[in-house]
Amino acid sequence: MKVTLEGVYKKLYSSFGPQDWWPGETPFEVMVGAILTQNTNWQNVEKAIANLRAQKVLAAHTLYKLPHRRLASLIRPAGYFNIKAARLKEFVKFFLDFYRGNIRMMKHAALPALRQQLLAVKGIGPETADSILLYALGKPIFVVDAYTRRIFSRHRYIREDYDYHQMQDFCMQRLEQKVQLFNEFHALLVKLGKDFCLKSKPKCHICPLRGVKEA
DNA sequence: GACCAGGCACATC
DNA sequence: GATGTGCATGGT
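Note that the structure is predicted; figures quoted are calculated from it, not measured.

Colleague: What should I look at first to understand the overall build of chain A in this one?
Modeller: Secondary structure assignment for chain A yields twelve helices and zero strands. Walking chain A from its N terminus toward its C terminus, one meets helices and strands in the order α-α-α-α-α-α-α-α-α-α-α-α. Here the C-alpha radius of gyration of chain A, 18 Å, is about what a compact globule of 215 residues would show, namely 17 Å. When contacts within chain A are restricted to residue pairs at least 6 apart in sequence, those whose partners lie at least 24 apart make up 66%.

Below, the structure written as structure tokens:
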């Protein structure tokens, strides 16, 4: 039996239910979280964000004025704190310069151009840009990550050597262009990756996608 | 102690 | 243009 990517999605949704992503209270917090979570466990990111909130610096202007040493020390639990402090500053500078720190103005920008702008910011690559677009700004774009590659290649939906945009095209060409679908699908893939499709010791024998084939 | 986590930029060949 | 490396904390 052939199953579409939509079928894969439905299987995951029926197995795990809604994931209620992104775990952030405001669009700005989501954007900050997208940078902090680069190659890092979300639990550690939460600690960093809690520090920023406790110090009342979780706002564009405040964050931008914060000395590097202080910002780095607050986000320390998220790892790579020196690099991430610099990346946060780069992003916030862009946000202030191009959109006056105004989320609504940023949401108003057209998707392809905005994506290019984000990718031009040092420290923002494809996944971080797409996470910001989808989860902070509600733009219809599919977020690819390490879990997506691992899951899709192990299940033979894609070739292992696909790059980011090949994977993204693969997914977007096979799905309705809906924000809620892209939102939930990515979150479900992370859930599956964490619970079953581990890098070592994968629990393939009890994976909900076992036997589900992509056409 | 080893391995891993919701990447990215940069150096080197 | 492919491949390797540095960045760093905290949980399992």
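Colleague: Is there a simple way to explain helix H3 (residues 42-54) in this structure?
Modeller: Because an α-helix packs 3.6 residues into every turn, residues spaced three or four apart end up facing the same way. The terminal C-alpha atoms of H3 lie 18 Å apart, and with 13 residues this matches the ideal 18 Å at 1.5 Å per residue to within 8%. Every buried residue belonging to H3 is among Val45, Ala48, Ile49 and Leu52, and all of these are buried. Projected down its long axis, H3 carries its buried residues within an arc of 95°, all on one side. Residues of H3 that are exposed and point more than 90 degrees away from the buried face comprise Gln43 and Ala54. As for H3, its buried residues are in contact with helix H2 (27-36) and helix H5 (68-74). Directly beyond the C-terminal end of H3, a positive phi value near 55° is found at Lys56.

Colleague: Quick question: what am I supposed to make of the protein's contact with DNA strand C here?
Modeller: Around DNA strand C, the surrounding shell consists of Asn39, Thr40, Asn41, Gln43, Asn44, Arg76, Pro77, Gly79, Tyr80, Phe81, Asn82 and Ile83. Of all the elements, helix H6 (residues 81-99) adds the most residues to the surface near DNA strand C, at three residues. Here the surface near DNA strand C is built from residues that sort into four nonpolar, seven polar and one charged.

Colleague: I'm lost on the protein's contact with DNA strand B in this one. Help?
Modeller: Near DNA strand B you find 27 residues, and of these Gln38, Asn39, Gly125, Thr128 and Ser200 are the closest. Those elements that place two or more of their residues in the surface near DNA strand B are helix H9 (126-136), helix H10 (146-154) and helix H12 (179-195).

Colleague: It is not clear to me how unusual backbone geometry should be interpreted in this structure. Could you clarify?
Modeller: Most of the time, phi is negative for any residue but glycine, and the peptide bond is trans. Across the junction of Trp21 and Trp22, the peptide omega takes the value -5°, indicating a cis bond. Assignment of secondary structure puts Trp22 in the loop between helix H1 (5-16) and H2. Positive phi outside glycine occurs at Arg100, with the angle close to 55°. Summarising the element assignment, Arg100 is placed in the loop between H6 and helix H7 (103-108).

Colleague: Can you walk me through the domain arrangement of chain A in this structure?
Modeller: One frequent convention defines the size of an interface as the accessible area lost when the parts assemble. Looking at the assigned domains, one finds that chain A contains domain 1 (5-20 + 142-206) and domain 2 (27-136). Using only C-alpha atoms to locate each centre, domain 1 and domain 2 end up separated by 25 Å. Counting from both sides, the interface comprises seven residues of domain 1 and, opposite them, six residues of domain 2. The greatest single-element share of the side of domain 1 that touches domain 2, amounting to three residues, is contributed by H12. Tallied by class, residues from the side of domain 1 that touches domain 2 come to five nonpolar, one polar and one charged.

Colleague: What should I look at first to understand the packing of helix H8 (residues 111-119) against H9 in this one?
Modeller: Interhelical geometry of H8 versus H9 gives an angle of 135° and a closest axis separation of 9 Å. Overall, the two elements H8 and H9 adopt an arrangement that is oblique. You can see that H8 and H9 cross each other, and the crossing is right-handed. Listed contacts from H9 to Leu111, Leu114, Arg115, Leu118 and Leu119 of H8 are Pro126, Ala129, Ile132 and Leu133. Looking at the contact of H8 with H9 residue by residue, the classes come out as eight nonpolar, no polar and one charged.

Colleague: Please explain H10 as it appears in this structure.
Modeller: Taken as a whole, H10 has its buried residues at Thr148, Ile151 and Phe152. Projected down its long axis, H10 carries its buried residues within an arc of 90°, all on one side. For H10, the secondary structure elements touched by its buried residues are helix H11 (164-173) and H12. Downstream of H10 by one or two residues, Arg156 has phi in the positive range, about 65°.

Rules used throughout
Residues numbered from 1 in each chain as written. Chains lettered and ligands numbered in written order. Predicted model: local features only at pLDDT ≥ 70, side-chain atom pairs only at ≥ 80, totals over all residues. Helix = DSSP H or I, 4+ residues; strand = E, 2+ residues; numbered from the N terminus. Rg over C-alpha atoms; globule rule 2.2 N^0.38 Å. Contact = placed C-beta atoms within 7 Å. Expected span 1.5 Å × (residues − 1). Buried ≥ 20, exposed ≤ 12 C-beta atoms within 10 Å, placed from the backbone. Arc of directions from axis to C-beta. Near = placed C-beta within 6 Å. Nonpolar A, V, L, I, M, F, W, Y, C, P; charged D, E, K, R; others polar. Domains from an automatic or database assignment. Axes fitted to C-alpha atoms, helices over the stretch in contact; angles between N-to-C directions. Parallel < 35°, antiparallel > 145°, perpendicular 65-115°, else oblique. Left-handed = near helix turned anticlockwise from the far one by under 90°.

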